[in-house]
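Here is what each chain is made of, one letter per residue.
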Amino acid sequence: MTRWLSGRLQTSDRAESVRHSRDAFRYFLRWLARAHPEVDAMTQLERRHVEGFMAHLHEHINARTGRPLTARSRYTYLSPLLQFFRETSQWGWSDVPGRPLLGRSDMPKLPSALPRFIPRAELDRLMDAVEELQDPHQRATLLLPRWSGARRGRSHG
């Protein structure tokens with residue numbers, strides 16, 4: 001896993017993304033050491049081990065919130081493992097399982113974000129304030145997204 005992480009740092013991956021992957025691997029390996037102490041090499045990993053980890057994530061209570069892990073948190077833990085198993089099996093690494101142990105269908109379903117909108121009364125007040133602006137560039141900057149339907153975080157390319 002260390003070798004894979006080092007390789008990720010040589011790509012376009014951000015250091016923060018690699019750190020999140022490292023943390024997910026640590027969490028998985030700690031769980032594996034407790035749940036399956038007989039596994040002492042990556043080549044011994046089987047699908048049943050990963051299924052046990054997925055069940056653990058589903059049942060685990062977040063100590064900070066007292067609630068089960070969210071789908072987003074479970075996804076954050078599983079996503080680096082999915083990528084690791086897929087890539088290392090494609091590359092033919094001999095010290096890891098020879099096949100992916102996770103698939104896309106194993107990933108938690110993330111809730112769709114609903115578009116947020118400005119209620120009509122607030123939008124009318126905002127547009128009145130925009131019309132009062134003296135600087136035409138400021139006015140245009142605020143009117144453009146209003147009339148183009150632009151949304152934060154959405155790519156139209």
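Everything below is about the structure printed above this text.
Residues numbered from 1 in each chain as written. Predicted model: local features only at pLDDT ≥ 70, side-chain atom pairs only at ≥ 80, totals over all residues. Heavy atoms only, no water.

Trainee: Go over the packing of aromatic side chains, please, and point to the residues and values.
Mentor: For any pair of aromatic rings, the description rests on two quantities: the centre-to-centre distance and the angle between the ring planes. Here the structure, examined in full by the defined rule, presents 10 aromatic pairs. An angle of 55° between the planes, with centres 5.5 Å apart, marks the rings of Trp-31 and Phe-53 as tilted. Linking Trp-31 in helix α2 (residues 15–35) with Phe-53 in helix α3 (residues 47–59), this pair joins segments that are 22 residues apart in sequence. Judged on exposure class, the residue Trp-31 and its partner Phe-53 are both buried. Geometrically, the ring pair formed by Phe-84 and Phe-85 is edge-to-face, given 5.4 Å between the ring centres and 65° between the ring planes. For Phe-85, a relative accessible area of 0% puts it in the buried group. Taken together, the ring pairs connect Tyr-27, Phe-28, Trp-31, Phe-53 and Tyr-77 into an aromatic cluster. Over the aromatic face of Trp-93 sits the side chain of Arg-3, whose NZ or CZ is 3.5 Å from the ring centroid. (Phe/Tyr/Trp six-rings, centres within 6.5 Å; stacked < 30°, edge-to-face > 60°. Helix = DSSP H or I, 4+ residues; strand = E, 2+ residues; numbered from the N terminus. Buried < 20%, exposed > 50% of the residue type's maximum accessible area, 1.4 Å probe, protein only. Lys NZ or Arg CZ within 6 Å of the ring centre and 35° of its normal.)

Trainee: Give me the lowdown on the nonpolar core, citing residues and values where you can.
Mentor: Counting 27 residues, the largest nonpolar core has Phe-28, Leu-45, Phe-53, Leu-78, Leu-81, Phe-84 and Phe-85 as the members making the most contacts within it. When residues of this core are traced back to their parent elements, those giving at least two are α1 (2–9), α2, α3 and α4 (71–91). A total of six residues in this core trace back to one element, the largest contributor, which is α2. Not counting chain neighbours up to four residues away, the residues in contact with Phe-53 comprise Tyr-27, Phe-28, Trp-31, Leu-78 and Leu-81. (Core = buried A, V, L, I, M, F, W, Y, C linked by side-chain atoms within 4.5 Å. Contact = heavy atoms within 4.5 Å.)

Trainee: Describe helix α6 (residues 136–148), listing the residues and the values that go with them.
Mentor: Between the first and last C-alpha of α6 there are 18 Å, a value that for 13 residues agrees with the 18 Å anticipated at 1.5 Å per step. Among the residues of α6, the N-terminal cap falls to Asp-135, whose side-chain oxygen and the backbone nitrogen of His-137 are separated by 2.8 Å. (Expected span 1.5 Å × (residues − 1). Polar contact = N/O pair within 3.5 Å; in protein donor to acceptor, adjacent residues only side chain to side chain.)

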